[in-house]
Amino acid sequence: MSLGRDPRAAVRRSALAAVHQRLARGGDAANRWPMSYGDPDGERRAVAGAIGLAEPGLYDKLIVKGRGALAAVRAAGLEGRPGRVTPAAPGGVNVWAIADDEVLLVAAVNTPGGPAIQAVDVAALAGPIRAAGLAATDVSSGWTVLRLVGPRVRDLLEELVAEDLSPDAVPDQGIVQVPMAGCRVILSRRDLGDIPGCVLLVARDEAEYIWGALTEIGAAHGIRPVGGTALVVGPAAPVAASATGATR
Amino acid sequence: MHEDHERLAATWTDMGDWKRPLHYGDVAAECRAVHEAAGLIDVSTLGKLDVQGPDAGEFLDWLHPNRFSDLRVGRVRYRAMLDDAGIILDDGTIARLAPERFFFSTTTGNLDAVDQWLLWWLAGGPRRVTVTDVTGHYAAVNLAGPNAREIMRRVTDLDVSREAMAYLAAAEGAVAGVPAIILRIGFVGEVGYEIHVPADYGAHLWGALLEAGRDLGLRPFGVEAQRVLRLEKQHAIVGQDTDALSSPVEAGMGWLVKADKPDFIGRDASLSVVARGPRQVLTGIEVIGLDLPAEGAAIVRDGTSTAIGRITRAKWSTTLDKGIALGWIESGEAVEGNKVTLRLGVGRDGGTTVGRVRTKPFYDPSGERLRA
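Below is a short write-up of the structure. Every chain is numbered independently, its residues counted from 1 as its sequence is written. Following the order in which they are written, the chains are lettered starting with A and the ligands numbered starting with 1. pLDDT decides what is reported in this predicted model: residues at 70 or higher carry local features, side-chain atom pairs at 80 or more are listed and counted, and totals for whole chains, interfaces and linings draw on all residues regardless. In computing side-chain values, all of the structure's heavy atoms are included and hydrogens and water are not.

1. Brief notes about the pattern of salt bridges
Residue and element names in this part refer to chain B. Cut-off, in case you're wondering: Here a salt bridge means any side-chain nitrogen of Lys or Arg lying within 4 Å of a carboxyl oxygen belonging to Asp or Glu. Secondary structure elements follow DSSP: runs of H or I no shorter than four residues count as helices, runs of E no shorter than two count as strands, and numbering proceeds from the N terminus.
In total, this model carries 33 salt bridges over all chains according to the counting rule given. For the salt bridge of Glu-150 with Arg-154, the shortest nitrogen-to-oxygen distance reads 3.4 Å. Taken as a pair, Glu-150 and Arg-154 lie in helix α5 (residues 148-155) at a separation of four residues, close to a single helical turn. Taking the shortest distance from any N to any O, the salt bridge between Arg-369 and Glu-190 comes out at 2.9 Å.

Shown next as structure tokens:
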């Protein structure tokens, strides 16, 4: 089955579509990707001074499993290091090498209202990977990508996660799997320029709950839901790329 | 699809970690739509596993009393999983989508246990099999009823004719413009299509099907209607009609146990039940009168006070215009038409009513409508 979809025929909805609509108060985000919830300057201030919480976009995801998974991914022309995210240029495939035998390939897709990118077809990688004897499974809808950025992100994570997530323990682009508010979360430290940050992969069916938990517990740290515009650093860094990959 | 169910004024029920629509206001009308036109139910909560690898078929054979290594690509088969003591742990279906790729469904509440069970049996072993939980990735609906095929024709270019997509077929293709896995199965007594799509498109699929079936009498139905419809077919619900002592041989699934298989989990225990014969069986019981026995109520030998079994589920079928039930009963009493006394409450309180043992499905016993 191809991951390729006909945008004229079907509407792809985020697990957080209802959240975005509520935050946009029935505005443009009802049918378009939320680049802002109506106060882009305030959202940028949250990112610069406290914490911004965003769903940066929709992503296709292919999980590769089996002995030699990372080697097969490399053979398919992608870079990857165990325990690290290897970011790609905008529109490319971000390699989440959870372990030697489990690799998640993550690539942004175009969304109405979101930044235009030259999206790659992750499904095209499945064939050669399967031919190498590995299992490749489309899990695009199974995981939701969340982005936390801001100088107080570490304070929030200290409250939510028992594990040591300090820069010494988890280097930039490092991956850890942690329980957060009772749910399994795959976390990668990913700063935005000089601003601390991380990317969270959360199960689709728990995404709204996790969003709520982050918002509630993060209130004391000044957390604020932000649209894609607030995550842009520099003159032209697309938000979708900044979520899981290159940010500067 | 949660918001879509809210808009349809669903009454919710908790099932495991999930909330599911119990009904949309009129259970009888929902049942009638499935039998006379078409019904649509959200079954996204089913557990779903992607099982791949050169040893996947043999591994599934080991896990189950029936065979999957001989399942042809493009076919789906019922599965029930046993523990070492031959007790039913879980059921669902397995479809073969490619020579080394199987799509495996579990009951709503047992996903984690089944996933761990598979990983446990793979750990440290030589089998070249990988298991990936894809429950969150796929939303799923079941479209069922005599108009289901016509509705499918309106939303897919796949050939859904009886000849091309026969009962127990499995196919991949676009439905409402979305890549889908289509299983030609159903547990509600009518032609049915279980359609799995990436969950990001679940709401789109739900809306597209309701729109396509608007002039064909399609309406959504909930878990309560599904329970009635399943009971009309005498389909057991694992965990509701079975318990920690239930063997497939006694639960009416003896056909699953393939004695000629070299080995599978629960083989010795299952074959010992076959050898000694079932002591109790799960059977249908027609309830005479308007009162329905409670879950767990005793089944009593007619004319005596000797308990010979217990009710697991009883519902009123508006289609059949009578009460129907499933219950465990001593095997010697499970004779077609046998008259029994049913206590209405658990214990001696609440009075009694009369029942008749029915060993065949209450509705469409030959299965012609399901296979149509």
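On we go.
2. Details of the interface of chain B and chain A
Note the following rule: Any two residues having at least one pair of non-hydrogen atoms within 4.5 Å are treated as being in contact. By buried area we mean how much accessible surface two parts lose on assembly, using a 1.4 Å probe and totalling the loss over both.
With 24 residues of chain B at the contact, the number on the chain A side is 25 residues. The junction of chain B with chain A conceals about 2,100 Å² of combined surface from both sides, 54% of it contributed by carbon and sulfur atoms. Contact with chain A buries surface across chain B, with His137(B), Asp200(B) and Tyr201(B) losing the most and accounting together for 31% of the total. Counting the contacts that link chain B with chain A gives two salt bridges.

3. Quick look at the sheet that holds strand β16 (residues 307-317) of chain B
All names here are of chain B. What counts, and what does not: In this analysis, strands are considered paired if DSSP registers two or more bridges between them. A fitted line through C-alpha atoms serves as each axis, taken over the contacting stretch for helices, and the angle formed by two N-to-C directions is quoted from 0 to 180°.
Taking strand neighbours around the barrel as the criterion, the six strands line up as β14-β17-β16-β15-β18-β19 in a closed arrangement whose pairing is antiparallel. Strand-to-strand twist in this sheet, taken as the mean axis angle between neighbours without regard to direction, amounts to 40°. As paired elements, strand β15 (residues 298-301) and β16 share three bridges and run antiparallel to each other. Note that in β16 the partner of Val-300 across the bridge is Ala-307.

4. Description of a negative patch on the surface
Rules: In this analysis, a patch consists of residues with relative accessible area above 30% that form no salt bridge, clustered at 9 Å for like charges and at 5 Å for the nonpolar side chains Val, Leu, Ile, Met, Phe, Trp and Tyr. Reported accessibility uses the Shrake-Rupley method at a 1.4 Å probe radius. Residues are deemed covered only where the shown protein chains occlude them. A positive count includes Lys and Arg, and a negative count includes Asp and Glu. His and the chain ends are not counted in either. Note on charges: their place is set at NZ of Lys, CZ of Arg, CG of Asp or CD of Glu.
Taken together, the side chains of Glu158(A), Glu159(A), Asp164(A) and Asp168(A) present a region of like negative charge at the surface. Along the chain, the position of Glu158(A) falls in helix α5 (residues 153-160).

5. Looking at the packing of aromatic side chains
Residues and elements named next belong to chain B. Note the cut-off: Think of it this way: a Phe, Tyr or Trp ring, Trp meaning its six-membered ring, pairs with another when their centres are within 6.5 Å, and the plane angle makes it stacked under 30 degrees, edge-to-face over 60, tilted otherwise.
Scanning the entire structure with this criterion turns up four aromatic pairs over all chains. Plain terms: the ring middles of Tyr-78 and Trp-255 are 6.0 Å apart, the flat faces sit at 45° to each other, and that makes the pair tilted. Taken together, the residues Tyr-78 in strand β5 (residues 75-82) and Trp-255 in the loop between α7 (223-232) and α8 (267-276) connect sequence positions 177 residues apart. Taken together, Trp-62, Trp-117 and Trp-121 form an aromatic cluster joined through their ring pairs.

6. Quick notes on the packing of α5(A) against helix α6 (residues 207-218) of chain A
Residue and element names in this part refer to chain A. The cut-off we apply is this: For classification purposes, angles smaller than 35 degrees are called roughly parallel, those larger than 145 roughly antiparallel, those between 65 and 115 roughly perpendicular, and all remaining angles oblique. Note on convention: the crossing is left-handed when the near helix lies turned anticlockwise from the far helix by less than a right angle, right-handed when the turn is clockwise. Each residue is assigned to one class: nonpolar for Ala, Val, Leu, Ile, Met, Phe, Trp, Tyr, Cys and Pro, charged for Asp, Glu, Lys and Arg, and polar for all the others, Gly among them.
Axis separation between α5 and α6 bottoms out at 10 Å; the angle between their running directions is 110°. Judged on the interaxial angle alone, α6 and α5 are roughly perpendicular. For the pair α5 and α6, the crossing hand works out as right-handed. Counting all contacts with α5, which are made through Leu-156, Glu-159 and Leu-160, the residues of α6 involved are Leu-214, Ile-217 and Gly-218. When grouped by side-chain class, the residues that make up the contact of α5 with α6 number four nonpolar, one polar and one charged.

What is shown is where atoms sit, not what they do.
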